[in-house]
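Residues per chain, in single letters:
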Amino acid sequence: MIQHVNHVILIGTVLQTWSFGNDRGVRLQMRRPAFFPVRSDGPSDLVNVILPEAVTRGQIVTEGDNLHITGFIRNSDRETSLASIAKGLKLPDELKKVKVKQIVTEVVAVQWQILPAEK
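Source: prediction; values computed, not measured.

### Comments concerning the overall build of the protein
Assigned secondary structure in the protein consists of 2 helices and 5 strands. In sequence order, the secondary structure elements of the protein are arranged as β-β-β-β-α-α-β. Judged by the C-alpha coordinates and their principal axes, the protein covers about 50 × 45 × 40 Å. Scored against the burial criterion, the 119 residues of the protein give a buried share of 28%. For the protein, long-range pairs separated by at least 24 residues make up 66% of all intrachain contacts whose partners lie at least 6 apart in sequence. By element, 54% of the accessible surface of the protein is carried by carbon and sulfur atoms, the whole surface being about 8600 Å². Charge centroids of the protein, computed over 15 positive and 12 negative side chains, lie 2 Å from each other.

Structure below.
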């Protein structure tokens, strides 16, 4: 039997936050290692992180904060409007509201530490 390990450690800077239910979502930016090829649109990688029950606990995360996260990767099914996917394109009104299934890969945090941005 093959064993699988789903364990992630991330340290990055918060670019964006949102809330849904009791959870808080965070768009995290992490610099690529120097030995890894630079992306065409910048030196960083981005990932969505879910902080379970962070809203219920009153935990506030703001842009510029640094997060240290331990967690695991999961896929979630989401329905997204074509208008939000095709940003910047002109779509007919009947297509703007059409929803499509999207599979999103995200990190669910099990433990995290928020380091507020320096002011």
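### Observations regarding the sheet that holds strand β2 (residues 23-31)
An order of β1-β2-β3-β5-β4 is seen for the 5 strands of this closed barrel, with the pairing classed as mixed. Strand-to-strand twist in this sheet, taken as the mean axis angle between neighbours without regard to direction, amounts to 40°.

### Focus: the side chain of Ser 76
Within the element layout of this structure, Ser 76 appears in strand β4 (residues 66-81). By relative accessible area, which is 11% here, Ser 76 ends up buried. At a separation of 3.4 Å, a polar atom in the side chain of Ser 76 contacts the side chain of Arg 74.

### Some details on the pattern of salt bridges
Within the structure shown, the criterion is met by 4 salt bridges. Between Asp 45 and Arg 32 there is a salt bridge, and its shortest N-O distance comes to 2.9 Å. Taken together, the residues span a long stretch of sequence, with Asp 45 in strand β3 (residues 44-51) and Arg 32 in the loop between β2 and β3 at a distance of 13 residues. We note a salt bridge from Lys 101 to Asp 77, for which the minimum N-O separation is 3.8 Å.

### With respect to the pairing of strand β1 (residues 8-20)
In this structure, β1 lies alongside β4, joined through 6 bridges in antiparallel fashion. Across the sheet, the residue bridging to Leu 10 is Ile 69, located in β4. As paired strands, β1 and β2 are joined by 7 bridges and run antiparallel to one another. Directly across from Thr 13, in β2, lies its bridge partner Gln 29. Between β1 and β2, which pair antiparallel one after the other, the connecting turn spans 2 residues, and Gly 21 there sits at a positive phi close to 60°.

### Digging into the environment of Ala 109
Tracing the backbone through its elements, the reader meets Ala 109 in strand β5 (residues 99-115). Relative accessible area serves as the criterion here: at 3%, Ala 109 is assigned to the buried category. Note: C-alpha distance between Ala 109 and Val 26 (83 residues apart in sequence) is 10 Å.

Conventions used here
- Residues numbered from 1 in each chain as written.
- Predicted model: local features only at pLDDT ≥ 70, side-chain atom pairs only at ≥ 80, totals over all residues.
- Heavy atoms only, no water.
- Helix = DSSP H or I, 4+ residues; strand = E, 2+ residues; numbered from the N terminus.
- Buried < 20%, exposed > 50% of the residue type's maximum accessible area, 1.4 Å probe, protein only.
- Contact = heavy atoms within 4.5 Å.
- Areas by Shrake-Rupley, 256 points an atom, 1.4 Å probe, with all protein chains shown as cover.
- Lys, Arg positive; Asp, Glu negative; His and termini not counted.
- Charge placed at Lys NZ, Arg CZ, Asp CG, Glu CD.
- Pairing = 2+ DSSP bridges.
- Axes fitted to C-alpha atoms, helices over the stretch in contact; angles between N-to-C directions.
- Polar contact = N/O pair within 3.5 Å; in protein donor to acceptor, adjacent residues only side chain to side chain.
- Salt bridge = Lys/Arg side-chain N within 4 Å of Asp/Glu carboxyl O.

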